[in-house]
Amino acid sequence: VQLQASGGGLVQAGDSLRLSCAASGRTFSSYVMGWFRQAPGNERKFVAAISGSGGSTSYGDSVKGRFTISRDNAKNTVFLQMNSLKPEDTAVYYCATRTGWVGSRWTPRGVDYWGQGTQVTVSS
């Protein structure tokens, strides 16, 4: 399984950014997809998840109402739309996949495969 994340960059507070993650090597629509992030000196933390069909989504408390996760199963791609970005959103963002839905209880130990990470920097 390969996950290729893209879309990171340097933006100002209040701006928007959309991350993408293209997957290959497994039946994409059968698996949960999600995003985690890791700021320097901090643990990797859950950001958002979406079920295989796209019918269920879950978000970390710090991003609820600002971030939206979606997927296009025809293109084997998951997206993270990030609005109203804050400096505290600065981190490396990793896409991830697993079998089985656990919602916001998804921890890094429960990830089957990781993408390579994409840097998001929000200036104040």
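As shown above, the structure is provided for reference.
All figures in this text were calculated on a predicted structure; none of them were measured in a lab.

Asker: How would you explain the overall build of the protein if you had to name every residue and give the values?
Answerer: Along its length, the protein carries 0 helices and 11 strands. Element order for the protein, N to C, with α for helix and β for strand: β-β-β-β-β-β-β-β-β-β-β. Relative to a compact globule of 124 residues, whose C-alpha radius of gyration would be 14 Å, the protein shows 13 Å and is just as compact. On the principal axes, the C-alpha backbone points of the protein span a range of 40 × 25 × 25 Å.

Asker: A description of the packing of aromatic side chains should follow, citing residues and the corresponding values.
Answerer: This structure, assessed with the given rule, holds 5 aromatic pairs. Summarising the aromatic geometry, the rings of F36 and F46 are spaced 5.8 Å apart at their centres and angled 80° between planes, so their arrangement reads as edge-to-face. Placement of F36 in strand β4 (residues 32-38) and of F46 in strand β5 (residues 45-50) is noted, with a sequence separation of 10 residues between them. Of the two residues, F36 and F46, neither departs from the other in class, the shared state being buried. A relative accessible area of 0% means that F36 is categorised as buried. Aromatic rings pair up to connect F36, F46, Y94, W106 and W114 into one cluster. A cation sits over an aromatic face here: R44 above W114, 4.5 Å from the ring centre. The ring of F28 carries R71 above its face, with NZ or CZ at 4.3 Å from the centroid.

Asker: Provide a residue-level description of the sheet that holds strand β7 (residues 67-72), including the pertinent values.
Answerer: Here 4 strands make up an open sheet; going across it, the order is β1-β3-β8-β7 and the pairing antiparallel. Single-partner strands in this sheet number two, and they are β1 (2-6) and β7. Adjacent strand axes in the sheet meet at a mean angle of 15° when their direction is disregarded. Pairing geometry for β1 and strand β3 (residues 17-24), over 5 bridges, is antiparallel. Residue pairing in the sheet places L3 in a bridge with A23 of β3.

What counts, and where the lines are drawn
Residues numbered from 1 in each chain as written. Predicted model: local features only at pLDDT ≥ 70, side-chain atom pairs only at ≥ 80, totals over all residues. Heavy atoms only, no water. Helix = DSSP H or I, 4+ residues; strand = E, 2+ residues; numbered from the N terminus. Rg over C-alpha atoms; globule rule 2.2 N^0.38 Å. Phe/Tyr/Trp six-rings, centres within 6.5 Å; stacked < 30°, edge-to-face > 60°. Buried < 20%, exposed > 50% of the residue type's maximum accessible area, 1.4 Å probe, protein only. Lys NZ or Arg CZ within 6 Å of the ring centre and 35° of its normal. Pairing = 2+ DSSP bridges. Axes fitted to C-alpha atoms, helices over the stretch in contact; angles between N-to-C directions.

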